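Residues per chain are reported as follows:
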Amino acid sequence: QVQLVESGGGLVQTGGSLRLSCAASGRTSSSYVMGWFRQAPGKEREFVAVSNWSGGSSYYADSVKGRFTISRDNAKNTVYLQMNSLKPEDTCVYYCAAGRTWTTAPRLSEFDYWGQGTQVTVSS
């Protein structure tokens, strides 16, 4: 089992920045693919960003490309999501996830472990 705990969410103004962290514990492995997803009220959970095991390859949803950056520190079992130029439409609960399958079109079903989520609110 792997436990994931997100932190770093909060309230920020349009154009501001936040950095989310996801700390992994339990049977952690640097070979896991790590991803970030988000969900707004009444909407389906959607893909945001994914990183392969080394951090050398990453992929982003078009809606965040150029503004968000995923990174990981395997020595600390932590993955990050740096979010810049935030917009009100980025307001969501953000979830960290770990899985075994590397793909540039990640689906929720490909991730085995999920965090509890952290709220990000962007005010206009």
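As shown above, the structure is provided for reference.
Residues numbered from 1 in each chain as written. Predicted model: local features only at pLDDT ≥ 70, side-chain atom pairs only at ≥ 80, totals over all residues. Heavy atoms only, no water.

A. A look at the state of the cysteines. Enumeration over the complete set of coordinates arrives at one disulfide. With its sulfur 2.1 Å from that of its partner, Cys22 forms a disulfide with Cys96. Linking Cys22 and Cys96, the disulfide has an S-S dihedral of approximately -75° and is accordingly described as left-handed. Note that Cys22 is positioned in strand β3 (residues 18–26) and Cys96 in strand β9 (residues 92–99), a separation of 74 residues in sequence. The exposure class of Cys22 is buried, given its relative accessible area of 1%. Distance from the sulfur of Cys92, which forms no disulfide, to the nearest cysteine sulfur (Cys96) is 16 Å. Take Cys92: its relative accessible area is 4%, and that puts it in the buried class. (Disulfide = S-S within 2.5 Å. Helix = DSSP H or I, 4+ residues; strand = E, 2+ residues; numbered from the N terminus. Buried < 20%, exposed > 50% of the residue type's maximum accessible area, 1.4 Å probe, protein only.)

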